[in-house]
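# Structural description and commentary
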Amino acid sequence: MNHAPADTVPTATTPAALLAAILPRSRHALTWAALLCGPGTVKSITRTENLPRATVQREITAAMERCSTLLRPQVAAQYAAADLVPAHRLSLTGEDPRDLDHADRALLRLLARHSRADVAVELDVAQGTVRTRAARVRRFLEVGTDHEATAVGAAMGVVRPADAHPGLPLPAPTFPESLAPVVEAILAALAGTSRAAAQVPRAEQQAVAAAVALSRAGHGARVLVIAADGPAWDSAMDTWTRAREHVGTVVGLRPRPGGRTAAAPGDEQWPLAWTRRGLLDLAGTRQPATVVATPTVLGLLADLHRTPAARPLAPWDLVVTTDAQLRGHPVPGTPDERALPAASRLALTSTRPERLPRDAGPVVVRRCAALAAEQGRVRGHRLLAVPLTAGAGTPDDAAALVLRAARRHGLGRVQVVCGSERSSCLLAGALARAAEALPGWRRPASLWSEAIAADTGVEARAAVVRRFAEGREELLVLTASGPVRAAGADALLVLAPYDEHKAGEAVEWALEARGRHDRARTLTVVVPTASADAAGPGGGDAAMLLRACAVLDPGLADRAERHPAGSRWPWIEGTPYLDASQRAHLDAAARALTTGRRP
């Protein structure tokens, strides 16, 4: 795999151009390719072209031989995917193939390179089922044959060049220059053993995993990514969807939402599977694929690996476990892990590697968020202490804290992580009341606030995040009960009884550079500082947040050790606004970084 200085480097040659360079392009070959992409049968071509039937059959056979296939749908798909067929020769009167559900799109791609019998084996279904589903796709596209369907799918980008021509010599994927030492160290470790572990910031973990997987096994790799539900799962789906742009598929495997009506898999932002059948329909048993699964559904995968079916699920080329230090992930060396056979395993963590399971593998990389920020991969951050007089025990107290911090320190977009979904919604509503109660000169000229709940739909969530990033109000506040991948935040405020892991997770996802200008913005991590006798799970535990930030920037503990007790801690802003008791609390929290003890 090549590395490049930018996050995304466009390839000089498109897959369509690579395919066009391989295919015969004489006038004769292109004429017959166009005929094979249309609705014509041997009989109709004989009649319209005024040719003997034997000649037509001979030409069709020759066209298939030129494409090294025995399948007419594959010939049609190859020439259409290479943009070598005029649009007027295609049957484009039906529905757009991009509106097919994810399972039917996967079927169309299989039909572009396999016979129906082979498709049935790949999906582990009866041939009659494939015949029925193919007929449904043809009705949707308003075509009469499979070769018309694959040609239309290829012309509209659903069937990609590498789907129609397996083994197409696509260029190696690129990855940023700054990640080259990380990827190379992991590859070197996996060359000598089947396990490796690495400390990598959360925002970079999936980019590293994709680079390692595609470097080891190429575009045909089958990869299992284990990620907790939430931002980690979303990040994996985002990253792998880009990595699989030209070859293979990405399938999200998660438990069906309980207690509420779940959307059909085809209506979701990404291809999702909740059942064995759904997973096989999307990923097959041997096709290049990346499955992003939450730890709670790994039993379904284990069942597919040991099923007595004619074609059980193939072993994985690489299993990647993110946040591998957490409970709930398969423990190395246990039957739960062995039930997911793999050639290689990679354990990733963003916290101290010492917290990884004993047999996770040798830790070959230690990369902190501070280094990634220096290289422009994630956002930089600063610490800002704010006084917390009442422990932010009520929504009105928390709203007053947000408004006061925004006015004093010039914050325009504040992301707030609350202790529960209810408190998140209450805070979003309390902000307007608290602003109205302020004198005019202290009140923001305009205010927008919104909460994201667990059951907020995909489109609604995207609209809220976009509004937060693009709104022109003087103060915008986004509240949630957990980390949110949102662009444009000036500040992050954690008002929750979180432990160090949860606090670190919230900060790290806020450091992810998602917008165009995010890398140039420094994130303000607000450290609510209560009086010494009021500190604790009400939101004023500065020690917890400082310990989480010390994992992101190991130099934090060094700076704390160099400054004597009672100093103003120049690397923590806002201390002049603290009273003596609050400064004592912050002082104890900073000193705890050097002792490892909670004050």
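### Overview of the pairing of strand 16 (residues 523–530)
Most of strand 16 sits inside the fold, with 8 of its 8 residues counted as buried. Where burial is concerned, the two faces of strand 16 agree: the one with Leu 523, Val 525, Val 527 and Thr 529 and the one with Thr 524, Val 526, Pro 528 and Ala 530 are both buried. As paired strands, strand 11 (residues 381–388) and strand 16 are joined by 8 bridges and run parallel to one another. Within the sheet, the bridge partner assigned to Leu 384 lies in strand 16 and is Val 526. By the bridge criterion, 3 bridges tie strand 15 (residues 491–495) to strand 16 in an arrangement that is parallel. If you follow Ala 491 over to strand 16, its bridge partner there is Thr 524.

### Some remarks on the side chain of Arg 72
Mapped onto the fold, Arg 72 is located in helix 5 (residues 72–81). In this structure the side chain of Arg 72 is engaged in a polar contact, spanning 3.5 Å, whose partner is the backbone oxygen of Leu 36. Beyond its immediate sequence surroundings of up to four residues, Arg 72 is in contact with Leu 35, Leu 36, Gly 38, Gly 40, Thr 41, Ile 45, Met 64 and His 147.

### A word on the packing of helix 2 (residues 27–37) against helix 5
Two numbers describe how helix 2 lies on helix 5: the axes approach to 9 Å, and their chain directions differ by 115°. Note that helix 2 runs across helix 5; the crossing there is left-handed. Contacts from Ala 29, Leu 30, Ala 33, Leu 35, Leu 36 and Cys 37 of helix 2 reach helix 5 at Arg 72, Val 75, Ala 76 and Tyr 79. Each residue belonging to the contact of helix 2 with helix 5 can be placed in one class, and the counts come to 9 nonpolar, no polar and 1 charged.

### Digging into the pattern of salt bridges
Tallied over the full model, the rule gives 25 salt bridges. The salt bridge involving Asp 96 is made with Arg 98; its shortest N-O contact spans 2.7 Å. Close ionic contact of Arg 113 with Asp 163 constitutes a salt bridge, the shortest N to O distance being 3.8 Å. Taken together, the residues span a long stretch of sequence, with Arg 113 in the loop between helix 6 (102–111) and helix 7 (116–123) and Asp 163 in helix 10 (residues 161–164) at a distance of 50 residues. When its relative accessible area of 5% is taken as the criterion, Asp 163 is described as buried. One salt-bridge network, in which partners are shared between bridges, spans Arg 109, Arg 113, Arg 160 and Asp 163.

### Notes on the sheet that holds strand 8 (residues 318–321)
Spatially, 6-5-7-4-8-9-3-10 is the arrangement adopted by the 8 strands of the open sheet, whose pairing is parallel. Two strands in the sheet have a free side with no partner beyond their single neighbour: strand 6 (272–273) and strand 10 (363–366). Sheet topology note: the strand 4 (residues 222–226)/strand 8 ladder contains 4 bridges and is parallel. The partner of Ile 226 across the bridge, within strand 8, is Thr 321. Contacts from helix 11 (residues 180–192) reach strand 3 (195–199), strand 8, strand 9 (345–349) and strand 10 within the one sheet, and its direction differs from that of strand 10 by about 175°. This element, helix 13 (residues 231–243), spans strand 4, strand 5 (249–253), strand 6 and strand 7 (289–293) of the sheet and lies at about 170° to strand 5.

### Some words on unusual backbone geometry
Working note: non-glycine residues mostly have negative phi, and peptide bonds are mostly trans. For Ser 68, which is not glycine, the phi dihedral falls at a positive 55°. Despite not being glycine, Asp 323 shows a phi value in the positive range, around 50°. Note that Asp 323 resides in the loop between strand 8 and helix 16 (335–338).

### Looking at empty space enclosed by the protein
Counted according to the given criterion, the structure contains 3 cavities of 30 Å³ or more. Volume-wise, the largest cavity comes out at about 50 Å³. Every residue lining the largest cavity is listed: Arg 202, Gln 205, Gln 206, Ala 232, Ser 235, Ala 236, Thr 322, Asp 323 and Trp 509. Looking at side-chain class alone, the lining of the largest cavity contains 3 nonpolar, 4 polar and 2 charged residues.

### Looking at the packing of aromatic side chains
Within this structure, the stated rule accounts for 2 aromatic pairs. Aromatic side chains Trp 233 and Trp 270 sit 5.7 Å apart centroid to centroid with 70° between the ring planes, which places their arrangement in the edge-to-face category. With a gap of 37 residues between them, Trp 233 in helix 13 and Trp 270 in the loop between strand 5 and strand 6 connect regions that are remote in the sequence. Overall, the relative accessible area of 12% leaves Trp 270 in the buried class. Geometrically, the ring pair formed by Trp 448 and Phe 468 is tilted, given 6.5 Å between the ring centres and 35° between the ring planes. Separated by 20 residues along the polypeptide, Trp 448 in strand 13 (residues 447–452) and Phe 468 in helix 20 (residues 458–470) bring together distant segments of the chain. Take Phe 468: its relative accessible area is 0%, and that puts it in the buried class. The residue whose ring lies beneath Arg 254 is Trp 233, and the NZ or CZ to ring-centre distance is 3.8 Å. The ring of Trp 441 carries the charged tip of Arg 442 above its face, separated from the ring centre by 5.8 Å.

### Examining the side chain of Thr 145
Structurally, the position occupied by Thr 145 is in the loop between helix 8 (127–141) and helix 9 (146–155). At a separation of 3.0 Å, a polar atom in the side chain of Thr 145 contacts the side chain of Glu 148.

### Some points on the environment of Gly 376
The topology assignment puts Gly 376 in the loop between helix 17 (369–374) and strand 11. On the basis of relative accessible area, Gly 376 is assigned to the partly exposed category, the value being 25%. A sequence separation of 144 residues divides Gly 376 from Ala 520, and the C-alpha atoms of the two residues are 8.3 Å apart.

### Considering the pairing of strand 4
Residues in a regular strand project their side chains so that they alternate between the two faces of the sheet. The element strand 4 is extensively covered by neighbouring structure, given that 5 of its 5 residues are classed as buried. On strand 4, burial covers both faces: Arg 222, Leu 224 and Ile 226 on one face and Val 223 and Val 225 on the other are all buried. Here strand 4 pairs with strand 7 via 5 bridges, running parallel. Each residue of the ladder has a partner; that of Arg 222, found in strand 7, is Ala 289.

Scoring rules and cut-offs
- Residues numbered from 1 in each chain as written.
- Predicted model: local features only at pLDDT ≥ 70, side-chain atom pairs only at ≥ 80, totals over all residues.
- Heavy atoms only, no water.
- Buried < 20%, exposed > 50% of the residue type's maximum accessible area, 1.4 Å probe, protein only.
- Helix = DSSP H or I, 4+ residues; strand = E, 2+ residues; numbered from the N terminus.
- Pairing = 2+ DSSP bridges.
- Polar contact = N/O pair within 3.5 Å; in protein donor to acceptor, adjacent residues only side chain to side chain.
- Contact = heavy atoms within 4.5 Å.
- Axes fitted to C-alpha atoms, helices over the stretch in contact; angles between N-to-C directions.
- Left-handed = near helix turned anticlockwise from the far one by under 90°.
- Nonpolar A, V, L, I, M, F, W, Y, C, P; charged D, E, K, R; others polar.
- Salt bridge = Lys/Arg side-chain N within 4 Å of Asp/Glu carboxyl O.
- 1 Å grid on protein atoms, 1.4 Å probe; cavity = no way out; pocket = protein on both sides within 12 Å on 5 of 7 lines; lining within 4 Å.
- Points joined across faces, edges and corners; volume = space filled by probe spheres on them.
- Phe/Tyr/Trp six-rings, centres within 6.5 Å; stacked < 30°, edge-to-face > 60°.
- Lys NZ or Arg CZ within 6 Å of the ring centre and 35° of its normal.

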